[in-house]
Amino acid sequence: MTINDCCNHAEVRVDPARWPDVAAPRGGRLRALAAARLFATATRRLPVSIEYPRARRDRTRSGSPRSGEVLPRMIIRDPQALYQRIGSDGLIGFGEAFMAGDWTTDDLVGVLTPFAERVADLVPAPLQKLRSLVLPGHPEDERNTVANTRSNIARHYDLSNDLFGAFLDETLSYSSAYFGTDAAADTATWGDLADAQRAKIDRLLDQAEVGPGTRLLEIGTGWGELCLRAAERGARVRSLTLSSEQRDLARTRIAAAGYAEQVRVDLLDYRLVDGEYDAVVSVEMLEAVGREYWPEYFQTVQRVLAPGGKAAIQVITMPHDRMLASGSTYTWVHKYIFPGGQLPSIEALRDVVAAATDLTMADELAMGRHYARTLRLWRERFLAQSATIGRLGFDAVFERMWTFYLAYSEAGFRSGYLDVYQLRLDKPATRGGPD
């Protein structure tokens, strides 16, 4: 299946029982008119071809394409529905319009990247201040309390192990790979991905100085690849997850590799963990913690680390000013992909670590281009596995939703709006400070 096959359906059948907010646009005429004007203003200078059912407009920074330039096409099939959705729900509506087929494209990443590059300026500043008055807020049951967090995690990670297996490589790693020092050239193929995932894990284990006899705590199991590689080094591993699907498959993989006595996988909230460990590793789990719980997360890391212990954390970040401006915004990603999530900025993480713990931020590696490359490979694989995904019971709206999610994320990293860091934190060799 090609991206054209996925994204250019003339009609998308939407089951209103399964997708009530996608089935029919909400919002009145006045909001739709306001949204149409806002959309026209926001896209006027974007390097994207905006195509309507009976007309075509090419827009670039200068108002027309540069000589020989082929612009990505945003093909609007139902302008009124698009504007109603945006007027009612902002960027949530923009994503739902794609899910419904109100707009489509033959280059989704190409369309979304210019939006990501200019996300701070798409909506005029005075209107941004009114966002909380006119757009939906975060549901209370998606706050990452101990009571809510397992449900939030299950909505994503318990969808189906077979779904994730359809587009992930053999390591089942669902986080940015590390392709080495030559990250500028985006030439990686599917055959490169598994080794790049192993390289990512090995770099984290090296940062945490994991070796024979290390008592390792992993916060966020995934499907067990990091546990396996740590066990191969001779570490004794305890790993925490809130996904029963992940726990079960991770345990199966660990037992098959002969490490059942060396690795323990628990269905447990990180805040409830006990024991003392020489090292803590956590890969792209902090994004699901929620801003109000960041201090508690790092205090937990400090509490369980032995004196002189080290933590290695991989985390997706966003610009600090956008984190502050959008912190209370309920987004399409919250609604459909990661309920309760919040991306930090690297500045916020430095501040939280300094204020809430006596841990030292000892090393930082920014590797956003690696994630853009990883996401491209996942997205291509996901599209190629459409028939398999359909047989698992996921409909066309779900496939469009996940295609949008993967492309939206890739565009964020390609534009530089998003980044991903590997961080090393050291605990002092002597006890002291908040614990």
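All of these numbers come straight from a predicted model, not from anything done at the bench.

**Brief notes about the overall build of the protein**
- When you go through the protein residue by residue, the secondary structure sums to 20 helices and 11 strands.
- Across the 435 residues of the protein, 55% fall into the buried class.
- Residue pairs in contact within the protein that sit at least 24 positions apart in sequence constitute 78% of those at least 6 positions apart.
- For the protein, the exposed surface amounts to about 18,300 Å²; the carbon and sulfur share of it is 50%.

**Considerations on the sheet that holds strand β8 (residues 277-283)**
- Strand order in the open sheet formed by 7 strands is β7-β6-β5-β8-β9-β11-β10, with mixed pairing between adjacent strands. Here the strands that pair on one side only, and so sit at the sheet edges, are β7 (263-267) and β10 (360-366). Here the average twist between neighbouring strands, direction ignored, is 15°.
- Bridge analysis of strand β5 (residues 215-219) against strand β6 (residues 236-241) gives 5 bridges, and the strand direction is parallel. Each bridged residue has a counterpart across the sheet, and for L217 the counterpart in β6 is R238.
- Along the sheet face, helix α11 (residues 190-207) touches β5, β8, β9 (305-317), β10 and β11 (419-426) and points at about 150° away from the line of β9.
- Relative to the sheet, helix α17 (residues 346-356) contacts β9, β10 and β11, its axis offset from that of β10 by approximately 165°.

**Topic: the packing of helix α5 (residues 91-100) against helix α20 (residues 396-415)**
- α20 packs onto α5 with a crossing angle of 135° between their chain directions and a minimal axis gap of 8 Å. The pairing of α5 with α20 is recorded here as oblique in orientation. Here α5 runs over α20; the crossing is right-handed. Side by side, α5 and α20 meet where F94, G95, F98 and M99 of the first sit next to V397, R400, M401 and F404 of the second.

**What to know about the packing of helix α6 (residues 108-117) against α20**
- Their axes nearest at 8 Å, the elements α6 and α20 cross at an angle of 50°. Judged by the angle between their axes, α6 and α20 are oblique. The element α6 and its partner α20 pack so that their crossing is right-handed. On the side of α6, the interface is formed by L108, V109, L112, T113, A116 and E117, while α20 contributes T403, F404, A407, Y408, E410, A411, G412, R414 and S415.
- Residue composition of the contact of α6 with α20, grouped by class: 8 nonpolar, 4 polar and 3 charged.

**Quick look at the side chain of S173**
- One can find S173 in the loop between α10 (161-167) and α11.
- A distance of 2.8 Å separates a polar atom in the side chain of S173 from a polar atom in the side chain of T171.
- Residues in contact with S173, not counting those within four places in the same chain, are L168, Q197, I201, E225 and W378.

**Re the packing of aromatic side chains**
- Inspection of the entire model under this criterion finds 34 aromatic pairs.
- For the pair W332 and Y336, a centre-to-centre distance of 5.9 Å together with 40° between the ring planes defines the contact as tilted. Taken as a pair, W332 and Y336 lie in helix α16 (residues 332-336) at a separation of 4 residues, close to a single helical turn. For the pair formed by W332 and Y336, the shared burial category is buried.
- Between W332 and Y408, the aromatic rings sit 6.3 Å apart at their centres with planes inclined by 50°, giving tilted as the arrangement.

**Focus on empty space enclosed by the protein**
- Going through the model one piece at a time under the given rule, you end up with 2 cavities of 30 Å³ or more.
- Each pocket or cavity is described by its volume, and for the second largest cavity that value is around 30 Å³.
- If you trace the second largest cavity, you find it lined by D21, A24, P25, R26, Q84, R85, S88, D89 and E96.
- By residue class, the composition of the lining of the second largest cavity is 2 nonpolar, 2 polar and 5 charged.

**A word on the confidence of the model for the protein**
- Within the protein, residue pLDDT values average 90, and 87% of them lie at 70 or more.
- Counted against residues more than four places away or in other chains, residues 1-5, with its pLDDT under 50, gives 12 contacts.
- This model gives residues 58-63 a pLDDT under 50, and the stretch forms 23 contacts once residues within four places in sequence are excluded.

**Overview of the environment of Y52**
- Of note, Y52 is situated in strand β1 (residues 48-52).
- On the accessibility criterion, Y52 (19% relative accessible area) is buried.
- Sequence separation of Y52 and I76 is 24 residues, and the distance between their C-alpha atoms is 5.1 Å.

**Let's talk about the pattern of salt bridges**
- Summed over the entire model, instances satisfying the criterion amount to 29 salt bridges.
- Close ionic contact of E276 with R215 constitutes a salt bridge, the shortest N to O distance being 3.7 Å. With E276 in the loop between β7 and β8 and R215 in strand β5, the pair connects residues that are 61 residues apart, well separated along the chain.
- Note that R247 is salt-bridged to D248, the shortest N-O span being 3.0 Å.
- Classification of D248 as partly exposed rests on a relative accessible area of 39%.
- One connected set of salt bridges, linked through shared partners, spans D21, R26, D89, E96 and K335.

**Structural notes on the pairing of β9**
- With 11 of 13 residues buried, β9 lies mostly within the body of the structure.
- Across 6 bridges, the pairing between β8 and β9 is parallel. Opposite Y277, over in β9, you have L305 as the bridge partner.
- Each parallel crossover has a hand, and for β8 linked through helix α14 (residues 294-304) to β9 it is right-handed.
- In this sheet, β11 lies alongside β9 in antiparallel orientation, the contact comprising 8 bridges. Of the residues in β11, the one forming a bridge with I316 is V420.

Criteria and cut-off values
Residues numbered from 1 in each chain as written. Predicted model: local features only at pLDDT ≥ 70, side-chain atom pairs only at ≥ 80, totals over all residues. Heavy atoms only, no water. Helix = DSSP H or I, 4+ residues; strand = E, 2+ residues; numbered from the N terminus. Buried < 20%, exposed > 50% of the residue type's maximum accessible area, 1.4 Å probe, protein only. Contact = heavy atoms within 4.5 Å. Areas by Shrake-Rupley, 256 points an atom, 1.4 Å probe, with all protein chains shown as cover. Pairing = 2+ DSSP bridges. Axes fitted to C-alpha atoms, helices over the stretch in contact; angles between N-to-C directions. Parallel < 35°, antiparallel > 145°, perpendicular 65-115°, else oblique. Left-handed = near helix turned anticlockwise from the far one by under 90°. Nonpolar A, V, L, I, M, F, W, Y, C, P; charged D, E, K, R; others polar. Polar contact = N/O pair within 3.5 Å; in protein donor to acceptor, adjacent residues only side chain to side chain. Phe/Tyr/Trp six-rings, centres within 6.5 Å; stacked < 30°, edge-to-face > 60°. 1 Å grid on protein atoms, 1.4 Å probe; cavity = no way out; pocket = protein on both sides within 12 Å on 5 of 7 lines; lining within 4 Å. Points joined across faces, edges and corners; volume = space filled by probe spheres on them. pLDDT = per-residue confidence, 0-100. Salt bridge = Lys/Arg side-chain N within 4 Å of Asp/Glu carboxyl O. Right-handed = clockwise from strand over helix to strand, strands pointing away.

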